[in-house]
Amino acid sequence: MPRVIYVSHDGGQKEIDVPVGTTVMAAALKNGIDGIVAECGGVCMCSTCHVFVDENFISKLPPADDTEEAVLEIAAIERQPNSRLSCQIKVTADLEGLIVRMPEKQR
Amino acid sequence: MTSAGTVIIGTGLAGFQTAASLRAESYQEPITLIGEEPHIPYQRPPLSKGFALGTQDRDSIELRPQKFYQDHKINLITGQRVAAIQPVERHIQLASGSRIPYDKLILAVGASNRLLPIPGAKLDGVLYLRSLDEAIALKECLATAKNVAVIGGGFVGLELAAVASSLGKSVTVIEALPRLMSRVVAPIISQYFVDLHSGRGVKVICGASVTEIAGVSGKASSLALNDGTQIDADLILVGIGVVPNVDLTRDAGLPVSNGIAVNEHLQTQDENIFAIGDCAEHPCSFANARLRLESVQNAADQAQCVAATIAGKEEIYRALPWFWTDQFDIKLQMAGISHGHDRIVTRGHRETGKLSVFYFKQNRLIAVDSINRPLDHMLGRKLLAAGTALTPEQATDENFDLKTLAQKPKST
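The rules behind the values
Numbering of residues starts from 1 in every chain and runs along the sequence as written. Chains carry letters from A onward and ligands carry numbers from 1 onward, assigned in written order. Whole-chain, interface and lining totals are the exception, using all residues; otherwise, since this is a predicted model, local features are given only for residues with pLDDT of at least 70 and side-chain atom pairs are given and counted only at 80 or more. Note on conventions: DSSP H or I runs of at least 4 residues are helices, E runs of at least 2 residues are strands, and numbering of each starts at the N terminus. We compute the radius of gyration from the C-alpha atoms alone; for a globule the expected value is 2.2 Å times N to the 0.38, where N is the number of residues. Counting other C-beta atoms within 10 Å of its own, a residue is labelled buried from 20 upward, exposed at 12 or fewer, and partly exposed in the gap between, with every C-beta atom placed from the backbone. In this description, any two residues whose backbone-derived C-beta atoms lie within 7 Å of each other are considered to be in contact. Two strands pair under a simple rule: DSSP has to find at least two bridges between them. By convention, orient the strands away from the viewer: a clockwise path from the first strand over the helix to the second makes the crossover right-handed. Classification convention: Asp, Glu, Lys, Arg as charged; Ala, Val, Leu, Ile, Met, Phe, Trp, Tyr, Cys, Pro as nonpolar; all other residues, Gly among them, as polar. All axes are obtained by fitting lines to C-alpha atoms, using only the stretch in contact for helices, and the reported angles, taken between N-to-C directions, cover 0 to 180 degrees. Left-handed describes a crossing in which the near helix is turned anticlockwise from the far one by less than a right angle; the clockwise case is right-handed. For our purposes the nonpolar core covers buried Ala, Val, Leu, Ile, Met, Phe, Trp, Tyr and Cys residues that link as a set through C-beta atoms within 7 Å. An automatic or database domain assignment is the source of the domain bounds shown. Confidence of the prediction at every residue is given by pLDDT, a number between 0 and 100.

Remarks on the overall build of chain B
For step 1, the next point in the chain: Counting its regular elements, chain B contains 12 helices and 27 strands.
For step 2, the next point in the chain: By the compact-globule yardstick of 22 Å for 412 residues, chain B fits well, its C-alpha radius of gyration being 22 Å.
For step 3, the next point in the chain: Considering chain B as a whole, with its 412 residues, one finds that 46% of them fall into the buried category.
For step 4, the next point in the chain: Put simply, of all contacts in chain B between residues at least 6 apart along the chain, 61% involve residues at least 24 apart.

A closer look at the pairing of strand β12 (residues 203-206) of chain B
Residue and element names in this part refer to chain B.
For step 1, the next point in the chain: When strand β11 (residues 170-175) meets β12, the two strands line up parallel, connected through 4 bridges. By the bridge assignment for β12, Ile 174 is matched with Ile 205.
For step 2, the next point in the chain: Between β11 and its parallel partner β12, the chain crosses via helix α7 (residues 187-199), and the hand of that crossover is right-handed.

Some details on unusual backbone geometry
It is generally the case that most residues other than glycine have a negative phi and that most peptide bonds are trans.
Residues and elements named next belong to chain A.
For step 1, the next point in the chain: The phi angle at Ala 38 is positive, at roughly 55 degrees, despite the residue not being glycine.
For step 2, the next point in the chain: Among the secondary structure elements, Ala 38 is positioned in the loop between α1 (24-30) and β3 (50-53).
For step 3, the next point in the chain: With 22 C-beta atoms counted inside 10 Å, the residue Ala 38 sits in the buried group.

Description of the interface of chain A and chain B
For step 1, the next point in the chain: Contact residues are listed per partner, giving 16 residues for chain A and 20 residues for chain B.
For step 2, the next point in the chain: Elements represented by at least two residues in the side of chain A that touches chain B include exactly α1 and α3 (66-72) of chain A.
For step 3, the next point in the chain: Among the elements that line the side of chain A that touches chain B, the one with the most residues is α3(A), at 4 residues.
For step 4, the next point in the chain: For the side of chain A that touches chain B, the class distribution of residues is 8 nonpolar, 3 polar and 5 charged.

With respect to the environment of A:Asp10
Residue and element names in this part refer to chain A.
For step 1, the next point in the chain: As for its placement among the helices and strands, Asp 10 is situated in the loop between β1 (3-7) and β2 (13-17).
For step 2, the next point in the chain: Taking the number of C-beta atoms within 10 Å as the measure of exposure, Asp 10 has 8 and is therefore exposed.
For step 3, the next point in the chain: In this structure the C-alpha to C-alpha distance between Asp 10 and Met 102, which are 92 residues apart in sequence, comes to 9.2 Å.

Quick look at the packing of helix α1 (residues 13-24) of chain B against helix α9 (residues 296-313) of chain B
Residues and elements named next belong to chain B.
For step 1, the next point in the chain: Across the interface, α1 lies against α9 with an axial gap of 8 Å and an inter-helix angle of 35 degrees. Seen along the crossing, α1 lies across α9 with a hand that is right-handed. The segment α1 lies against α9, with Leu 13, Ala 14, Gln 17, Thr 18, Ser 21 and Leu 22 engaging Val 296, Ala 299, Ala 300, Gln 302, Ala 303, Gln 304, Val 306, Ala 307, Ile 310 and Ala 311.
For step 2, the next point in the chain: Across the contact of α1 with α9, the residue classes break down as 11 nonpolar, 5 polar and no charged.

Focus: the nonpolar core
Residue and element names in this part refer to chain B.
For step 1, the next point in the chain: Ile 9, Leu 107, Ile 236 and Ile 276 are the most contacted members of the largest nonpolar core, which totals 150 residues.
For step 2, the next point in the chain: In terms of residue count, α9 provides more of this core than any other element does, 9 residues in total.
For step 3, the next point in the chain: For Ile 236, the contacting residues outside a window of four places in its chain are Gly 125, Val 126, Ala 149, Ile 151, Ile 213, Ala 220 and Leu 223.

Focus: the sheet that holds strand β24 (residues 330-336) of chain B
Residues and elements named next belong to chain B.
For step 1, the next point in the chain: Ordered in space as β23-β24-β27-β26-β25, the 5 strands form an open sheet in which the pairing is antiparallel. The sheet is open, and its two borders are formed by β23 (322-327) and β25 (343-349), each paired with just one other strand. Strand after strand, the sheet turns through a mean of 15 degrees between neighbouring axes, direction not considered.
For step 2, the next point in the chain: Here 6 bridges tie β23 to β24, and the two strands are oriented antiparallel to one another. Counterpart to Phe 323 in the pairing with β24 is Met 334.
For step 3, the next point in the chain: The sheet strands contacting α7 are β23, β24, β25, β26 (354-361) and β27 (364-371), and the helix crosses β26 at an angle near 155 degrees.

Some remarks on the domain arrangement of chain B
Interface size is commonly expressed as the accessible area that is lost once the parts come together.
All names here are of chain B.
For step 1, the next point in the chain: Per the domain assignment, the segments making up chain B are domain 1 (6-112 + 243-313), domain 2 (115-240) and domain 3 (329-407).
For step 2, the next point in the chain: The distance between the C-alpha centroids of domain 1 and domain 2 comes to 30 Å.
For step 3, the next point in the chain: At the interface, 9 residues of domain 1 touch 11 residues of domain 2.
For step 4, the next point in the chain: Among the residues forming the side of domain 1 that touches domain 2, the class breakdown is 5 nonpolar, 2 polar and 2 charged.

Thoughts on the confidence of the model for chain B
Low pLDDT means the predicted coordinates in that region are not meant to be read closely.
For step 1, the next point in the chain: Residues with a pLDDT of 70 or more make up 99% of chain B, whose mean pLDDT is 97.
For step 2, the next point in the chain: Quick note on the complex model: pTM equals 0.96, ipTM equals 0.95.

A look at the pairing of β23(B)
Moving residue by residue along a regular strand, the side chains alternate between the two faces of the sheet.
All names here are of chain B.
For step 1, the next point in the chain: Counting buried positions along β23 gives 6 out of 6 residues, so the element sits mostly inside the fold.
For step 2, the next point in the chain: Burial of the side chains of β23 extends over both faces: Trp 322, Trp 324 and Asp 326 are buried on one face and Phe 323, Thr 325 and Gln 327 on the other.
For step 3, the next point in the chain: Linking two consecutive strands that pair antiparallel, namely β23 and β24, is a turn of 2 residues; a positive phi of about 50 degrees is found at Phe 328 within it.

Quick look at the structure:
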C-alpha cells in the first residue's frame, strides 16, 4: 500500500498506508487526521479538505477540474499554486511517499 | 464538583459536528452524544445518491470511525430514545429510565418523514427515505422492483428517480405542484430537470396528486391519480418532505413554531438549551426571516456556532445557506435563499447545459443557482456572504468578471 505523509500546520507528521483507489481525504478521516474536516463528504461543495501538495508530487496528479478549481476559490486559507482538495486525490502506486500539508484552518 | 458537561441529542451531522467542534475548541468537559438510531453517525446525503446506486458502501458514509469517539472522549450512545427533557433539574430522561445530567443541552433531533395520508399508503412496497435502515430496505426493494413510482418532485424524490432509472427501472415521478422543486428554484431550472429526467426515460407528471395506492396480497401494485390515471408500480418511494421533531421540546415547555424556536445564538428560551440543524427555526439574516433549513451546510455551521458559544466565544449565527442535489450526472448548486425574489437573470445558456440563475430582490442579489458553472456558485457564495453589490446587468453579462468583484472588500 502506498504511504501518504500528512503534515499538520504545526509540523507534526503522520504516515498512513492508504489502499490504492482511496482518496487522501477518506484515508485522513479513517486514521484520525484532524486537520481535514470534509464537511460535504467529498462532493466538491466545501473546501474543508484543502491541502498543499508537496512540489515533487504535483506533476504526478491529474490536474484539478473546473469544479475543484472553483471550490479552491473559497478555501479558508488562501489557495496556493499547489493547493488541491484531498477528496479529489485518489491514491495510486505512483504516489508512494506523497506528502500533503494541511492549512492552519479549514473553516 | 465536576461539571455535567454537554449532552447532545441526535447523532446526525449536526450532533456529530457539535461534539467534534467542541473538542476542536479545546472544550474539556464531558460530552455525551446520544441518538435513537443504532448506527454511529453517518452522512445522510449519499443515501439517496451513491449509497442507493451502489457506488458507496456503508463504511464509506460513516462520518468518522468508531475510534474517533474514544480518541476525543465523546461518550457516544446509540439506539437509545430520549423520553423527556427536564430543564429545571437540568437532566434528560431516557426511555430506558436512566437520567443524564447536563450543563448545556443541544437538541439536534432532526425531522421525520411526512407521511402520505391516502388509502393504501401502508402497503408493502411503499417506502420513505431518511435513515440508513430505510436506505438499506430501499436498496433491497430496488433490486427486484420493475416499476418505480416516486411521489414528490423535490430533491430526494428526484435523486431517487435518477438512481432507479440508472438501475434500469421504469420510473414515474408525480409532483403535486405545477413544476419540479418549485419551492426553491426558478422555472427555468425546473424545466432543465424535467428535460434531464425525460431524456433518460423517466416519466415526469406535474400538477397531479396521488389519491390511492392499490395492492395485491398486501403489496403495492399500482397507484391512482386525481384525474383517474392508473400507474403500475411495485415500488413507491415517497419524498413529500419532513416535519421537524419538536415533541420533546414542546413537552419540556419550550417554544416551538415551524421547528424549535431559537435566537441568533441558536439558543432556545432556556439559555442552557440550544437547537440546531433540521429541527431548529432560526433568524436568518440572508432571508430576513425565521427559517428552518434542511441541509449539510446548515447542520455543520450551526454546530460549529454552538460549539464556539459553549466554549466561551458567544457566536452569532450568520453563515450563508448553500445546498446541492445530484441527479444523474448533473449537480445543481444553490447559494442563498431565493424566496421572495422579484427578478431573475441568467448567465450562460440552457442549451449548452451550463447555466446559472441569479435571483434579485429590490435589486439586491439574494441567491444563485448553478448547473455546470461551479465558479458562479462559489463566487456567488462569496458575493452573498460579503453582501457585495452586483447588478442584474452585470450578473447576466458573461464578460463581467465576477472573480475580481468577489475579491473586492465589501461595498456598502
